[in-house]
Number of protein chains: 2
Amino acid sequence: LNLEILKLGGSVVTNKNQPMSMNTAAINRIASEIATAGGRGLVIVHGGGSYGHPLAKEYEISNGYHSDLQLPGFSKTRQAMIQLNSILVNTLLDAHVPAVSVNHSSFIITNNKKIGEVDFKIVELYIKAGMVPVLYGDAVLDTEIKFTILSGDQLAARLAIDLKAQRLIYGVDVDGVYTANPKLTSNARLIEDLSLSHMKGMVKIGEALSTDVTGGMLGKVQEATSAVEAGVNVLILNALKSDYIYNALRGESVVCTRLRR
Amino acid sequence: LNLEILKLGGSVVTNKNQPMSMNTAAINRIASEIATAGGRGLVIVHGGGSYGHPLAKEYEISNGYHSDLQLPGFSKTRQAMIQLNSILVNTLLDAHVPAVSVNHSSFIITNNKKIGEVDFKIVELYIKAGMVPVLYGDAVLDTEIKFTILSGDQLAARLAIDLKAQRLIYGVDVDGVYTANPKLTSNARLIEDLSLSHMKGMVKIGEALSTDVTGGMLGKVQEATSAVEAGVNVLILNALKSDYIYNALRGESVVCTRLRR
């Protein structure tokens, strides 16, 4: 199975600063890029953006259970994610990508925020049936803190490892991993090749400083580490720029950060 | 775990003769009946009605794969079910029932239309976390015919058996099982108690005649047989009449058909 995992960030598929607002132009373009690239042997994972995040934050789902008042919030976060997923799958179907919604998250139980045992066999079966499964980060049950948020980044990395994907592509709203936050610093430089030891160093410094100098990219690098260790080629690229995803899916050269062993 | 499974028929939650049309009055009333009755230790399953059925029929999903042109239909059927489920869960949340959408169907693989192995442990965990899982019939993968439709009736019966539910309540648009189709025959008589041997006889006659004299109730009786054999008390009642579900959930007497060993 020649398989690729495409993670679409919440900041790509939604307008992050407007609650429950899709980036319609972006998802229409991306759907057509996926369709033109062929769109088989592909699994898509997406984040929450302005759908899942505000509710998850309001009800403090990420850090686990502290009150029964959070229960509707858990469910409302999931409802928002289902709605976002639904719009995305319908957009892909309209572009003739045989997308199918697979709500794997309602089946995943994390152990203190980390995915424990999980069986992705059914995802493989959907691929073999000729479909493109579309999964997402979500509110999930947790063995230690009762519930939490499973990020699309973590889910995508785990899928890539378990399904032995050739490549894992993170589509974000900047060109890749920078030496500093490119949205704040004009002399931030794109890192085109990031080795495993470099990645681990970044994560260590980030943890020590309790800050993410790269502007939100550290979590992605952290989640991707295990995929890189397992031999998956990881690309972090700008999904808001035309044809970047198309070129990446076609195996053509594209400006991005490559994570390698 | 004192557990009840409530199956809400597609003819209850939707307007069957209008495509993609909810029976808003019915679901609002039922949500408030569930909330007033207490609404814990409960699993809700719903059918497809005017959401899932027209698409499943148009793309001939039920009888399995014969063309790649069915693939978008498989996904569209699922999208319609997700939408229906979403409206229902939101209505329950508005009524303060801690409902949570659990898309179990994307995890079930049938063997020639029958559920094979399935693990409902996660449904139990949602119940233990204080939530009311809401599942539904859906388009599913099949080991023999590649895909099919799994009915909410079959899913509800299997849940009742595997989770050792005390009761399985089928909410439909008539008072229960009749001696003839009550919508066509004025002298159709409600059968208040239906024994296992009587049930098996009905199914046998129905199969022999290739017709369902009870007006759509035969499939439900057929699916319920295994649950009754496993010791579950099954009720078939009119969910379109006020307080029938409320009374049933409270364990109070209600006009219905009781299926017993």
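Look above for the structure.
Sequence order as written defines the numbering, with residues in each chain counted from 1. All chains are assigned letters beginning at A, and all ligands numbers beginning at 1, according to the order in which they are written. Under the rules for a predicted model, residues below a pLDDT of 70 receive no local features and side-chain atom pairs below 80 are neither given nor counted, while totals for whole chains, interfaces and linings still include all residues. Values shown for side chains rest on all heavy atoms present in the structure; no hydrogens or waters enter the calculation.

(A) Main features of the packing of aromatic side chains. Stacked, tilted and edge-to-face pairs are distinguished by plane angle, under 30 degrees for stacked and over 60 for edge-to-face with tilted covering the rest, among Phe, Tyr and Trp rings (Trp via its six-membered ring) whose centres lie within 6.5 Å. Under the criterion given, the structure shown has seven aromatic pairs over all chains. Here Phe 107 of chain A and Phe 107 of chain B contribute two aromatic rings whose centre-to-centre distance is 3.7 Å and whose plane-to-plane angle is 5°, an arrangement assigned as stacked. Taken together, the residues span two chains, with Phe 107 of chain A in the loop between strand 3 (99-101) and strand 4 (109-111) and Phe 107 of chain B in the loop between strand 3 (99-101) and strand 4 (109-111). Grouping residues by exposure puts Phe 107 of chain A and Phe 107 of chain B together as buried. The structure contains a cluster of three or more aromatic residues connected by ring pairs, namely Tyr 65, Phe 74 and Phe 147 of chain A together with Tyr 126 of chain B. Remark: a charge is flagged as sitting over a ring if the NZ atom of Lys or the CZ atom of Arg is within 6 Å of the ring centre and within 35 degrees of the ring normal. Above the face of the Tyr 65 of chain A ring, Lys 146 of chain A is positioned so that its terminal group lies 4.0 Å from the ring centre. Put simply, DSSP H or I for four residues or longer makes a helix, DSSP E for two residues or longer makes a strand, and each gets a number counted from the N terminus. Here's how the labels work: a residue is buried when its accessible area is under 20% of the maximum for its type, exposed when over 50%, partly exposed in between, all with a 1.4 Å probe on protein chains only.

(B) Molecular detail of the environment of Ala 156 of chain A. All names here are of chain A. Mapped onto the secondary structure, Ala 156 falls in helix 6 (residues 152-162). C-alpha separation for the pair Ala 156 and Gly 137, spaced 19 residues apart in sequence, amounts to 8.9 Å. When residues no more than four places from it in sequence are discounted, the contact partners of Ala 156 are Ile 5, Lys 7, Val 45, Leu 168 and Tyr 170. Contacts are assigned to residue pairs with any non-hydrogen atoms lying within 4.5 Å of each other.

(C) Broad picture of the sheet that holds strand 9 (residues 167-172) of chain A. Residue and element names in this part refer to chain A. Between any two strands, at least two bridges found by DSSP are needed for them to pair. Taken in spatial order, the eight strands of this open sheet run 3-6-2-1-9-11-12-10, and their pairing is mixed. Of all the strands in the sheet, the pair left with one neighbour each is strand 3 and strand 10 (193-195). Between one strand and the next, the sheet's axes are offset by a mean angle of 20°, whatever the strand orientation. Of the strand pairs in this sheet, strand 1 (residues 4-8) and strand 9 are connected by five bridges, and their pairing is parallel. Bridge pairing in strand 9 places Glu 4 opposite Arg 167. To obtain an axis, a line is fitted to C-alpha atoms, over the contacting stretch when the element is a helix, and the angle between two such axes runs from 0 to 180 degrees between their N-to-C directions. With respect to the sheet, helix 4 (residues 71-94) is in contact with strand 2 (42-46), strand 3 and strand 6 (132-136), its orientation differing from that of strand 6 by roughly 155°.

(D) Region of interest: the pattern of salt bridges. When a carboxyl oxygen of Asp or Glu is within 4 Å of a side-chain nitrogen of Lys or Arg, the pair counts as a salt bridge. One pass over the structure, following the stated rule, counts 22 salt bridges over all chains. Residue Asp 193 of chain A is joined to Arg 260 of chain A by a salt bridge in which the shortest nitrogen-to-oxygen separation is 2.8 Å. Remark: Arg 260 of chain A occurs in strand 12 (residues 257-260) and Asp 193 of chain A occurs in strand 10; sequence separation between them is 67 residues. Ionic pairing is found between Glu 4 of chain B and Arg 167 of chain B, a salt bridge with its closest N-O pair at 2.4 Å. With a gap of 163 residues between them, Glu 4 of chain B in strand 1 (residues 4-8) and Arg 167 of chain B in strand 9 (residues 167-172) connect regions that are remote in the sequence. Across this residue pair, the class does not change: Glu 4 of chain B and Arg 167 of chain B are buried. Connected via shared salt-bridge partners are Lys 7, Asp 153 and Lys 220 of chain A.

(E) Quick look at the side chain of Arg 29 of chain A. All names here are of chain A. Tracing the chain through its elements places Arg 29 in helix 2 (residues 24-37). Taking relative accessible area as the criterion, Arg 29 reaches 18% and is therefore assigned buried. Under this definition, polar contacts are N or O atom pairs within 3.5 Å; protein pairs additionally need one hydrogen-donor-capable and one acceptor-capable atom, and for neighbouring residues in sequence, both atoms have to be side-chain atoms. There is a polar contact of 2.8 Å between the side chain of Arg 29 and the side chain of Glu 33. Ignoring any residue separated from it by four or fewer positions in sequence, one finds Arg 29 in contact with Ala 239, Leu 240, Lys 241, Ser 242 and Asp 243.

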